[in-house]
Amino acid sequence: MHSKLIEMPDVVLSTILQTLDFRSLQSLKKVCLTFRNFINEMKSDYNLLGISMFYRPTKIELWLRTDDRYLKFFYEQEAEGCLMLEERRLEPPDRKIMVQSKNFVEVFLGDFQNLMDHQKSTLEDLWIYIQDQFEEQELDEMADKWMKGIQSVLKSRSRILRVENLQMLILSQNDVLRVLPHIHPMFLKQIGLNHTIEWPQRILVIDEIVELEQWKNAYELGIYRCVVIESIRSFTHFSKVELVLKECCLEMLYDLKEDLCNSYYFERFNLYIRSVDEQDIFRVFGPPISDINKHKMPRKRCFTRQFDCDQVLEVSVYDMNLGRNYKRIIISRLPLIF
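This report concerns the structure included in the present document. Quantities reported herein were computed from a predicted structural model and do not represent experimental measurements.

### A closer look at the overall build of the protein chain
Inference 1: Along its length, the protein chain carries ten helices and 17 strands.
Inference 2: When the 338 residues of the protein chain are sorted by exposure, 49% land in the buried category.
Inference 3: Considering only residue pairs separated by 6 or more positions, the protein chain has 59% of its internal contacts joining residues 24 or more positions apart.
Inference 4: When the accessible area of the protein chain is evaluated, it comes to approximately 17,300 Å², of which 50% is carbon and sulfur surface.

As structure tokens, then:
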């Protein structure tokens, strides 16, 4: 059967390969060397929907999402080299390969290069997590090599990678800058940044990130487990935001109100602010009404009308018991009822 396929014109065979997913292409590459070379030379699209990568000091996990399953691969450092394992829940036993005299980061990066050489369609999700670095101030040698390798692979692509949702677990903005500039700015919708050290103990500086086109074009933002130092206006173009700000002065509150009142895309902001005067909030957004929410939590609410539309901003303020005088401010948009 495969001899008849090989005899097909290249354009016909290429059209057939475009309909296959990652797992089918990998199976076809094992049939014969001719198929393997043709798929590699044509760089047939793997049509992956998601790629998730998790780094630990002696192990890397790679999860690939197709339209009907997750494929999981593990790269573990052993004394004699790298042990590769493919988890096969539906087709046991697991497949194991020992790569002699190579460390686990090098073997992983070789496979990641292959994935990026073939991925042409848009990824719905790209997750890059640096784990088990909780007491560190900077990446260990292998983690740094891993991130530099990912950056190098992304830069080597002939076409910039298209991703809709980027999620990263990081130590500093340098980790983000190795990835985010190499994502297509017109396709990126959501950015999620997690810190490896629990907030409020950690400060995240993002002054370089906020200048990127990818940042300016995205719709949703979440920054977790750290306190952010940045002007409020670096976030008001987003539709949805959740983060912790170090401070928000009266001038920043006026900027926030002005930008959100003029925004057509704004939906919801969930802000935790370490240093903010509650009276400044009400001075900007209006006099408060005290009540409780559906979870029986006390709050103060105020309302302000958006410009040139029949919408109002609802601002809910909560006192948070987080070891400091934190305020949680939820801003959402409601229709104006006459």
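### Some remarks on helix 6 (residues 141-156)
Inference 1: Here helix 6 spans 22 Å end to end across 16 residues, near enough to the 22 Å set by a 1.5 Å rise per residue.
Inference 2: Among all positions in helix 6, only Ala143, Trp146, Met147, Gly149, Ile150, Val153 and Leu154 are buried. Viewed end-on, helix 6 has its buried residues packed into an arc of 155°, placing them on one side of the element. For helix 6, exposure combined with an orientation more than 90 degrees from the buried face picks out Glu141 and Lys155.
Inference 3: On the buried face of helix 6, the contacting elements are strand 1 (50-56), strand 2 (59-65), helix 5 (104-118), strand 6 (123-130), strand 7 (163-170) and helix 7 (173-177).

### Examining unusual backbone geometry
Inference 1: A positive phi angle, near 60°, is found at Arg225, a position not held by glycine.
Inference 2: Of note in the backbone geometry, Lys296 takes a positive phi value of approximately 65° without being a glycine.
Inference 3: Residue class for Lys296 comes out exposed when judged on its relative accessible area of 64%.

### Observations regarding helix 5
Inference 1: The end-to-end C-alpha separation of helix 5 is 22 Å, in line with the 21 Å expected for 15 residues at 1.5 Å each.
Inference 2: For helix 5, the complete set of buried residues consists of Phe104, Val105, Val107, Phe108, Leu109, Phe112, Leu115, Met116 and His118.

### Some thoughts on the nonpolar core
Inference 1: Core analysis: the biggest nonpolar cluster contains 84 residues, and Met53, Tyr75, Trp146, Ile150, Trp215, Ile223 and Phe235 have the highest contact counts within it.
Inference 2: The element that contributes the greatest number of residues to this core is helix 5, accounting for eight residues.
Inference 3: Residues Val244, Tyr272, Tyr318 and Ile330 belong to the second largest nonpolar core, which totals seven residues.

### Considering the pattern of salt bridges
Inference 1: Per the counting criterion, the structure on display carries 17 salt bridges.
Inference 2: For the salt bridge of Asp291 with Arg299, the shortest nitrogen-to-oxygen distance reads 2.8 Å.
Inference 3: For Asp291, a relative accessible area of 23% translates into the label partly exposed.
Inference 4: Among the residues examined, Arg299 registers a relative accessible area of 17% and is labelled buried.
Inference 5: Overlapping salt bridges, with partners in common, bring together Arg233, Asp255, Glu258 and Asp259 in one network.

### Considering the side chain of Asp259
Inference 1: The residue Asp259 is located in helix 9 (residues 250-261) in this model.
Inference 2: One polar contact links Asp259 to Thr236, side chain to side chain, over a distance of 2.8 Å.
Inference 3: Not counting residues up to four positions away in its chain, the partners in contact with Asp259 are Arg233 and Thr236.

### Observations regarding the state of the cysteines
A covalent bond between the sulfur atoms of two cysteines is what we call a disulfide.
Inference 1: Following the criterion strictly, the structure yields zero disulfides and no others.
Inference 2: Free of any disulfide, Cys248 has its nearest cysteine sulfur in Cys249, 6.4 Å distant.
Inference 3: Here Cys248 falls in the buried class, since its relative accessible area comes to 3%.

### Quick word on the environment of Asp125
Inference 1: Tracing the backbone shows Asp125 in strand 6.
Inference 2: Along the sequence, Asp125 and Leu188 sit 63 residues apart, while their C-alpha atoms lie 9.8 Å from each other.
Inference 3: A distance of 2.7 Å separates the side chain of Asp125 from the side chain of Arg65, its partner in a polar contact.

### A few points about the packing of helix 5 against helix 6
Inference 1: In the contact formed by helix 5 and helix 6, the axes pass within 10 Å of each other and the chain directions differ by 20°. One element, helix 5, and the other, helix 6, form an angle in the roughly parallel class. The two elements helix 5 and helix 6 meet at a crossing, and its hand is right-handed. Two secondary-structure elements touch here, helix 5 through Phe104, Val105, Glu106, Phe108, Leu109, Phe112, Gln113 and Met116 and helix 6 through Met142, Lys145, Trp146, Gly149, Ile150, Val153, Leu154 and Ser156.
Inference 2: In terms of residue class, the contact of helix 5 with helix 6 is made up of eleven nonpolar, three polar and two charged.

Conventions adopted
Residues numbered from 1 in each chain as written. Predicted model: local features only at pLDDT ≥ 70, side-chain atom pairs only at ≥ 80, totals over all residues. Heavy atoms only, no water. Helix = DSSP H or I, 4+ residues; strand = E, 2+ residues; numbered from the N terminus. Buried < 20%, exposed > 50% of the residue type's maximum accessible area, 1.4 Å probe, protein only. Contact = heavy atoms within 4.5 Å. Areas by Shrake-Rupley, 256 points an atom, 1.4 Å probe, with all protein chains shown as cover. Expected span 1.5 Å × (residues − 1). Arc of directions from axis to C-beta. Core = buried A, V, L, I, M, F, W, Y, C linked by side-chain atoms within 4.5 Å. Salt bridge = Lys/Arg side-chain N within 4 Å of Asp/Glu carboxyl O. Polar contact = N/O pair within 3.5 Å; in protein donor to acceptor, adjacent residues only side chain to side chain. Disulfide = S-S within 2.5 Å. Axes fitted to C-alpha atoms, helices over the stretch in contact; angles between N-to-C directions. Parallel < 35°, antiparallel > 145°, perpendicular 65-115°, else oblique. Left-handed = near helix turned anticlockwise from the far one by under 90°. Nonpolar A, V, L, I, M, F, W, Y, C, P; charged D, E, K, R; others polar.

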